[in-house]
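# Chains, contacts and geometry: an overview
Each chain is listed here by its residues.
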Amino acid sequence: MIKFLDLLQVNFLHKEEIEQRLLDVFRSGWYLLGEEVKRFEVNLAAYIGTKHAIGVANGLDALRLILRAYKELGLIKAGDEVIVPSNTYIASILAISDNNLVPVLVEPDPQTFNIDIGRIEEKITARTKAIMLVHLQGRVVYSEQLRAVATKHNLKIVEDNAQAIGASWQGIKTGKLGDAAGFSFYPGKNLGALGDAGAVTTEDDALAATIRALANYGSNQKYVNIYQGLNSRLDEIQAAVLDVKLKYIDEENAVRRMIAKRYNKEIVNPKLQLPEIPNDEQEHVWHVYVVRSVDRDELQQYLTDNGVQTVIHYPIPPHKQKAYAEWNNKSYPISEQMHDEVLSLPISPVMSDSEVTTIVDLLNKY
Ligand SMILES: *Cc1c(COP(=O)(O)O)cnc(C)c1O
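Residues numbered from 1 in each chain as written. Predicted model: local features only at pLDDT ≥ 70, side-chain atom pairs only at ≥ 80, totals over all residues. Heavy atoms only, no water.

### Topic: the sheet that holds strand β7 (residues 172-173)
- The 3 strands lie next to each other as β7-β6-β12, forming an open sheet whose pairing is antiparallel. Two strands bound the open sheet, and with one partner strand each, they are β7 and β12 (282-283).
- In the sheet, strand β6 (residues 168-169) pairs with β7 via 2 bridges, with the strands oriented antiparallel. Bridge assignment links S168 to a residue of β7, and that residue is K173. (Pairing = 2+ DSSP bridges. Helix = DSSP H or I, 4+ residues; strand = E, 2+ residues; numbered from the N terminus.)

Below you can see the structure in the form of structure tokens.
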């Protein structure tokens, strides 16, 4: 069987190094807010090219904390609106509504799966304060036009970089394109921990200090609390593992890119719509490789029957979820069609050439 993602093998690429660092943390007797987190934060900030990186407990918290910090700094207030793509993973939207802000859904570009930048301005009102820019599937969404719209309307750009670590636009990494960015190191992400983990990157000193305090009970000094904060810290154990894996992220993303290129070149079945390979302006990191088919469920069954695991990212659009019942009657046709047609094929740094060949052959026979 070809697994969708063989996490054990992904982590075993660096088995000795990871086991050594785990043991070091265990034997250090220091498990939170220590040297491992500091080291990883410095290395992540250097990798992305930002002044600050702040380790937090997970990707959702990273995004929640950015918006919460803007509220504490007086730049956003309850009831304000945040633009977000209608086909994103639900966490991008939860981060907005959790802060008593109003998510304003904007349809994606059907070619890129990312928010349609041309549709943003028509949704801006006097209450709009930010754009949550999601680099979905590992594909960058950014342009000078977008920056101009944000500047003109005085909007913060918050990047949801959960799926795109290592991607770049004109040589600038995602995580540095906006005003602040949230990262997820959920085990299945391109840079995955051995449990939950996340981070925020930003150039903004005030924002960084506020997030650091908010994530640690609202405290900027032991037993002094300046905010009603939460507990959202990155563990030393997870930081140590991530610090090992960060060194290899470019190499591993390059393998994903090679597999994506092979799929695009070798799959020639007209029943399948393949993703677009972006031009040289941007580097895509292929968190997932998504094909579209009008008979998606049959296609998935066919691959399952032939020993290939696939996943649907995602089966239900956010506006059709019970959690957002107030949107259930609204129509976002581009998103709805995507959710009916998408299927993610296996792609990972541990897939062999022959596995790719097997999948290509199966799809061409379908
Ligand atoms: C994974 C993911 C998140 C949430 O990250 P967690 O670490 O699971 O909380 C947020 N946004 C997107 C787009 C994601 O893919």
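There is more to say, and it comes next.
### Quick word on unusual backbone geometry
- Put simply, H313 and Y314 share a cis peptide bond, and its omega is 10 degrees.
- Mapped onto the elements of the fold, Y314 is located in the loop between α10 (296-305) and α11 (333-341).
- If you check the backbone angles, W286 has positive phi at about 45 degrees while not being a glycine.
- In this fold, W286 is placed in the loop between β12 and β13 (289-292).
- Residue class for W286 comes out buried when judged on its relative accessible area of 3%. (Buried < 20%, exposed > 50% of the residue type's maximum accessible area, 1.4 Å probe, protein only.)

### A word on the site of the ligand
- Around the ligand, the neighbouring residues are N58, G59, L60, Y89, A91, V134, D160, A162, Q163, S184 and K189.
- One of the side-chain nitrogen or oxygen atoms of D160 is found 2.7 Å away from a nitrogen atom of the ligand.
- S184 places a polar side-chain atom, nitrogen or oxygen, 2.6 Å from an oxygen atom of the ligand.
- In this structure, the ligand is accommodated by the largest pocket. (Near = heavy atom within 4 Å. Polar contact = N/O pair within 3.5 Å; in protein donor to acceptor, adjacent residues only side chain to side chain. 1 Å grid on protein atoms, 1.4 Å probe; cavity = no way out; pocket = protein on both sides within 12 Å on 5 of 7 lines; lining within 4 Å. Sits in = over half its atoms within 2 Å of the grid points.)

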